[in-house]
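Here is how the chains run, residue by residue.
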Amino acid sequence: MSAIPNTVPDPDQTIQSGKGKEKDRVESPRVRRQRKNSPDPSKSCSGNTAEEREVDKNPENEAQENSEEKSISPENSSSKETEDSETDERKFTTITSNGSESDRKEDTKQEGSVTGEGAKLQAEASRLKDVLADVGKFLQSANVFVREEFHTFQKMPLKSYSPQMSRLKDVVKTIVMTCQLFDSVSSECNKEMKTLRLAVDEMAEFLKKAVITEDLTVWLDLPPDAEEEQMRLAEERRAADKVRLSKAAEARAEVAKATTNIVEAEKCAALANVDLLETIAEATRAEEEAKLALKAAEEARIAAELKLKAEEEARCLAEERAKKKAEEEKRKAKEEERHLAELASKKGTSVTDERLAYAQKKAREEEEKKNPRNWPRFIYSIDPGDYDPGVGCVIRAVAGSVLRDEIIVNRVDSLADIAVLEESEELISNVIAVSSDKDISTEEPMSISIPHCGPRGHTSREPVIKTIDPSGKWVEVPTKDITFEDIRELKFVEARVHRLGTFMVVLRPKRDHLIFTKKGGKISSTTDPRVTLNVRPGMFRVNANVTLEVHPIDMAQVSDVKARFPSNCSDLLSSSPIVRFCIANRKLSKPINVTVPLPPSASRPRQRPATAVSRDRTDRSDKRPSTAKAILSSASSLQKQEEDSTPEENLYLLSRTNCSDQWSLVNGVPLTHQKNKDIVSFSMVDPYERFMVISTKTAVSELQAEKISERIEGALRQKTVCLILRQNNSDPGDVVLACTLMSQSDRLLQQLSEEDYDEGPPPSKPFIVKEGQIMEIRFRGNVQRQNSQEGLRFVYNSRIKCLMHFSVEEIDKFAQKSFDCYRGFAQVYTKVLVPVQEQSEEEKARNNHMQRNTAWEEGDTLLGELLISLPKPDPEPPKPLNTAPVTLKSEGPVDDDVLKRISEDLGDEWKRLAQCLNVRKMRIQAILRQNHNNDTQCSIHDMLLTWAKRLPRSVNKVEILASALVSVGRTDLAEDIRGKDYDIRQQRAQSAKDSHLRRVFVKIAQDVHVTKQWKALAKQMGLTLGEISQIEEYVGTGPDRCLHALRHWHNKMGNKATKTVLLKHLRICRFTQAVNVIQTVS
């Protein structure tokens, strides 16, 4: 720390220094000449009083005069005074030469007096020049001092400067006081100069007028060039005035600048003082923390001593228990030996054989004991959440080591934000917390099985159980799939754990754990066999473990990236999978040959291989004219040239490390794209932790290729979703809001429709979210959530259905009179990082000495909003209407009785049935108003009557009604109606047939020949003699007997009694006329 320089003068010393130098000042020749011709200045000034001499001797007044003369340029002032004295001398010389002797004496006396005053003024002007030089030195020294102290602040801690802070304050105070004095003196000088200028101008004007008035122009007889000399002197005087004023302005500017520097120095000192106070406060806090640390260390020492004592006691107890256990085992071993000897003597075998058999039996028992399938199973249930499988988890442990009631299983709320997902991971289960009030220790690790909703047999992804380790991080545990016979409908994964904790199941890319042997060889990924690594023999001295993870990228994802980022990815054609490669050896002695798939781009169709065999084996010789062949050959050659001239795709290899998110282009590695194959191969000299290959239409820059890779990898982590809002058909206040993937929106809408949620706005615009993102539902407009003013929060997971059920109501039932319903919006917000608002001008000025970077804070952003419409209730319940009864004429199976039976069996699906039957909504609303005080059965019956009455008679009502019932899921009612329709049709057909036969019987009975020989016809038709005798006995006339015989035959034969059979019998009996008559009957 440099000391305060001695060059900084004291203000009082600086002011008094000018007086001490007066004797050493060098006088100009003009001044000396005037002093020779004039009396002694001291004598001319002897007329002054004692008080005036004391005032002149006062250092403060003299310093003030020096300061005032300093503000006016001393050099110009002295030169100006010299010129004025010379001019006056010439004037007075001319006047004395023309005047009288007495006047000459008086003028000589006055001239001596004026000359003495001029000499005094010249001496004071010379003294002011020295004072000005001292002021300049003072300001220069002050500037050097401030800069040195500022550099000292920058080089060393401010805390070390505290001993010299008082000295700095004194010096700065001195500089400020001096600058203030300079400012006040400058102001006073300006005032006096203005007064002097006015006095001189007034005197000159008076003398000019007096010379003209008194006709004293003879005094002005000057040499011929005197007028020009006067003009020149006047111009020089004006120029000198301007120079003097400019110098004064510069001096004031310098003083103001110095004052500004001093103020800035004061600010710096104040800031330094604030920093010093903060440093002292930090030191105080550090001292308190040190005291607390010492106290904690002492407590830790005491706790350590207690722990050592407890450990020593536990060790002694353990030794005692071990000693007892060893004695017990020794005793048991002796008993076993004795028992084995007895068995050997009984069986006639050796003790060794019995001992071996006993050891094998014991080993089998231990193996069965360690098998989790033989352990008791405890099934725990949890509170339902977004995913509700009905089972929380299944825990198995060694028999007797733990009881079911000793373990507690709870579901962790997803809004607690405890589930931390890594990139490319998806949550597929509930987050559960497994705990116990007791310290559980088991011989073997416990088995915990958790149900999940992941897909079965996924080729590129696998479910994994993760748990929180003691450091608070989520870690994976070895996981395998498991199935329980009694709950096969659920998918489980199992893990063996040594301690209880918090668990969840995630779906992540499949990892292949492979081995490179000494002999080398080729290994491939199970996710995509086209991803291979080929190692030369002798590359590894020992077997090397390799982890391979492949993230597939299909053309749909490439198209999505191009659509979302057209500015960066417009030239992208295709991309290989992102391969994650991990090997223990960070340096490779030889390169590894790598192959990755690169799908062909859609812009360039794949050519057929030359080895392909033509399917058409027929001889298709061209029989067209030779001119046509020439044209064809030229066209084909031109097309081939165009295909050959198509530019090749540009391939780029990019890599990045797991510690960085920045992809970098790998230069100098040749990429080989095998012809007619979608595989790219290259040699990997350095192991890349992650790498991929992309192809573009044109050559792109290194920065653009890296940007494309970042966009592709980011698309794998992001999900494109939309919001769906639906209201219950019967209760519009019952609302369900879902956040789902765009590809699954149609299926979700269908499921909601099946659950009677049809009303609602169209889905929202798609937006991007990530796994585990928390969103909040808020309300805007004239709707609000029932019985709650708070928003709803939910977590998005792509594998778990994200459905929020809530009830809404209107806020003000008298608002929105111009609408036919109450309207409002459900808004969905999420938290994102937004830049902090800009600071005000005062804050910027206050903080301009510190460099601040752009700050970010967490803020809300709107993802989408959906319209909610609530119907307005009627002002009062409608009165029952007096309507005329509606009846339906019985026309086929669809009659009033059938409609009533259907209305009794139908439930809430009757409105959907009305839509299928094309009954208008206005009619349904009218029916509901008419039956407001009745049950739903009346409304359904009126709806069916409305439908049946408006259909024409020619329409097949049975088929229309049955199809509508099938559409709403009432297949049973549809089958009943169709069965009844079939029965009615059969009855109608049989009735028509019987009616036709009766007309035929009447025609036959009217034939005379047949009535005479009716017995022969009866015998031919199969009637017995007893039946014929009975007819003859009870029936009187011949036609009646014939008709009765025909009816008896019809009743006896049933469906076999047809017109054809009857004609056959008539032909056999040779009743030709009757046959002709019957054939004419339609």
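What counts and how
Residues numbered from 1 in each chain as written. Predicted model: local features only at pLDDT ≥ 70, side-chain atom pairs only at ≥ 80, totals over all residues. Heavy atoms only, no water. Helix = DSSP H or I, 4+ residues; strand = E, 2+ residues; numbered from the N terminus. Buried < 20%, exposed > 50% of the residue type's maximum accessible area, 1.4 Å probe, protein only. Contact = heavy atoms within 4.5 Å. Areas by Shrake-Rupley, 256 points an atom, 1.4 Å probe, with all protein chains shown as cover. Phe/Tyr/Trp six-rings, centres within 6.5 Å; stacked < 30°, edge-to-face > 60°. Lys NZ or Arg CZ within 6 Å of the ring centre and 35° of its normal. Axes fitted to C-alpha atoms, helices over the stretch in contact; angles between N-to-C directions. Parallel < 35°, antiparallel > 145°, perpendicular 65-115°, else oblique. Left-handed = near helix turned anticlockwise from the far one by under 90°. Nonpolar A, V, L, I, M, F, W, Y, C, P; charged D, E, K, R; others polar. Pairing = 2+ DSSP bridges. Patch = residues over 30% accessible without salt bridge, like charges linked within 9 Å, V, L, I, M, F, W, Y side chains within 5 Å. Salt bridge = Lys/Arg side-chain N within 4 Å of Asp/Glu carboxyl O. Lys, Arg positive; Asp, Glu negative; His and termini not counted. Charge placed at Lys NZ, Arg CZ, Asp CG, Glu CD. pLDDT = per-residue confidence, 0-100. Expected span 1.5 Å × (residues − 1). Core = buried A, V, L, I, M, F, W, Y, C linked by side-chain atoms within 4.5 Å.

**Topic: the overall build of the chain**
For the chain, the helix and strand inventory stands at 28 helices and 33 strands. Taken across its 1082 residues, the chain has 35% of its residues classed as buried. Partitioning the contacts of the chain with sequence separation of at least 6, the portion at a separation of at least 24 is 72%. Looking at the chain as shown, the accessible area adds up to about 67700 Å², and 51% of this sits on carbon and sulfur atoms.

**Looking at the packing of aromatic side chains**
Scanning the model with the defined rule gives 6 aromatic pairs in all. Measuring from centroid to centroid gives 5.1 Å for phenylalanine 484 and phenylalanine 492, while their planes differ by 90°, and the two rings are edge-to-face. Across the pair, phenylalanine 492 and phenylalanine 484 agree in class, each one buried. Three or more aromatic residues joined by ring pairs form one cluster here, namely Phe682, Tyr688 and Phe691. Seen from the ring of phenylalanine 565, arginine 711 lies directly overhead, with NZ or CZ sitting 4.3 Å from the centre. Taking the ring centre of phenylalanine 819 as reference, the NZ or CZ of arginine 823 above it sits at 5.0 Å.

**Quick word on the packing of helix 17 (residues 896–905) against helix 22 (residues 971–1006)**
Taken N-terminus to C-terminus, the directions of helix 17 and helix 22 make an angle of 165°; their axes are 11 Å apart at the nearest point. Considering the angle they form, helix 17 stands roughly antiparallel to helix 22. As for how helix 17 packs across helix 22, the hand of that crossing is right-handed. Every residue of helix 22 that contacts helix 17 at Val898, Arg901, Ile902 and Asp905 is listed here: Leu973, Asp976, Ile977 and Lys980. Split by residue class, the contact of helix 17 with helix 22 holds 4 nonpolar, no polar and 4 charged.

**Some words on the sheet that holds strand 30 (residues 792–796)**
Ordered by their spatial adjacency, 4 strands build an open sheet running 30-28-32-33, and the pairing between neighbours is antiparallel. Since the sheet does not close on itself, it has two edges, and those belong to strand 30 and strand 33 (856–871), each with one partner. Strand-to-strand twist of the sheet, defined as the mean angle between neighbouring strand axes without regard to direction, takes the value 30°.

**Side note on unusual backbone geometry**
You will see that serine 424, though not glycine, has its phi angle at about 70°, which is positive. One can find serine 424 in the loop between strand 3 (407–411) and strand 4 (426–427). Residue classification places serine 424 among the buried positions, given a relative accessible area of 14%. In this structure, arginine 1070 takes a positive phi of about 60° despite not being glycine. By the element assignment, arginine 1070 lies in the loop between helix 27 (1059–1068) and helix 28 (1072–1079).

**What to know about the pairing of strand 15 (residues 544–551)**
Across the 8 residues of strand 15, 6 count as buried, placing the element largely inside the fold. Two elements, strand 12 (residues 511–516) and strand 15, share 6 bridges in a ladder whose sense is antiparallel. Residue pairing in the sheet places isoleucine 515 in a bridge with asparagine 545 of strand 15. Here strand 15 pairs with strand 17 (residues 578–583) via 6 bridges, running antiparallel. If you follow valine 550 over to strand 17, its bridge partner there is valine 579.

**Here we look at a negative patch on the surface**
A surface patch of like charges, here negative, comprises Glu365, Glu366, Glu367 and Glu368. For glutamate 365, the location among the structural elements is in helix 10 (residues 351–370).

**Observations regarding the pairing of strand 19 (residues 650–656)**
Judged by how many residues are buried, strand 19 sits mostly within the fold: 6 of 7 residues are covered. Here strand 19 pairs with strand 20 (residues 664–665) via 2 bridges, running antiparallel. When the bridges of strand 20 are listed, serine 655 appears paired with serine 664.

**Describing the sheet that holds strand 1 (residues 377–380)**
What links the strands of a sheet is backbone hydrogen bonding, and the strands pair in either a parallel or an antiparallel sense. Sheet architecture is open: 5 strands sit in the order 1-2-6-10-9, paired in antiparallel fashion. The sheet is open, and its two borders are formed by strand 1 and strand 9 (479–482), each paired with just one other strand. Averaged over all adjacent pairs, the angle separating strand axes in this sheet is 25°, with direction ignored. Sheet analysis places strand 2 (residues 393–396) next to strand 6 (residues 446–452), joined by 3 bridges and oriented antiparallel. Residue valine 394 lies in a different strand from strand 6, and its bridge partner there is serine 449.

**Some words on the confidence of the model for the chain**
Averaged over every residue, the pLDDT of the chain is 78; the share at 70 or more is 79%. Segment residues 609–623: pLDDT under 50, and 4 contacts once partners within four positions in sequence are set aside and those in other chains are kept. Considering only residues more than four positions removed or in separate chains, one finds that residues 626–647, a stretch of pLDDT under 50, has 7 contacts.

**Here's the deal with helix 14 (residues 702–717)**
For helix 14, spanning 16 residues, the distance from its first C-alpha to its last is 24 Å, which sits close to the expected 22 Å at 1.5 Å a residue. The set of residues buried in helix 14 consists of Ala705, Glu706, Ile708, Ser709, Ile712, Glu713, Gly714, Ala715 and Leu716.

**Quick look at the side chain of histidine 1065**
Here histidine 1065 shows up in helix 27. Owing to a relative accessible area of 12%, histidine 1065 belongs among the buried residues under this scheme. Excluding residues within four positions of it along the chain, histidine 1065 makes contact with Leu1017, Gln1020, Met1021 and Trp1049.

**Description of the environment of valine 596**
Turning to its location among the elements, valine 596 is positioned in strand 18 (residues 592–597). Residues valine 596 and phenylalanine 682, 86 residues apart in the sequence, show an inter-C-alpha distance of 8.9 Å. Not counting chain neighbours up to four residues away, the residues in contact with valine 596 comprise Arg530, Ser576, Val579, Asp678, Ile679, Val680, Phe691 and Val693.

**A closer look at the nonpolar core**
If you look at the biggest cluster of nonpolar residues, it comprises 30 residues, and the most contacted ones within it are Phe516, Phe581, Ile592, Phe682 and Phe691. Looking at this core, the elements with two or more residues in it are strand 12, strand 14 (532–535), strand 15, strand 17, strand 18, strand 19, strand 22 (679–684) and strand 23 (690–696). In terms of residue count, strand 15 provides more of this core than any other element does, 4 residues in total. In this view, phenylalanine 581 contacts Leu533, Val546, Thr547, Leu548, Ile592, Met684, Pro687, Tyr688, Glu689 and Phe691; residues no more than four positions away in its chain are not counted.

**So, a nonpolar patch on the surface**
The grouping of Met203, Phe206 and Leu207 at the surface amounts to a nonpolar patch, some 340 Å² of accessible area in total. By the element assignment, leucine 207 lies in helix 8 (residues 165–213).

**Observations regarding the environment of alanine 397**
Here alanine 397 is to be found in the loop between strand 2 and strand 3. Once the C-alpha coordinates of alanine 397 and phenylalanine 378 are considered, the two residues, 19 residues apart in sequence, prove to be 8.9 Å apart.

**Brief notes about the side chain of arginine 970**
Tracing the chain through its elements places arginine 970 in the loop between helix 21 (957–967) and helix 22. When sequence neighbours within four positions are dropped, the list of residues in contact with arginine 970 reads Asp905, Leu906, Gly907, Glu909 and Leu965.

**A closer look at the packing of helix 22 against helix 26 (residues 1038–1053)**
For any two helices packed against each other, one specifies the inter-axial angle together with the distance between the axes. Running from N to C, helix 22 and helix 26 cross one another at 150°; their axes reach a closest spacing of 9 Å. Considering the angle they form, helix 22 stands roughly antiparallel to helix 26. The two elements helix 22 and helix 26 cross, and the hand of that crossing is right-handed. Across the interface between the two elements, Asp994, Leu997, Phe1001, Val1002, Ile1004 and Ala1005 from helix 22 touch Pro1039, Cys1042, Leu1043, Leu1046, Arg1047, Trp1049 and His1050 from helix 26.

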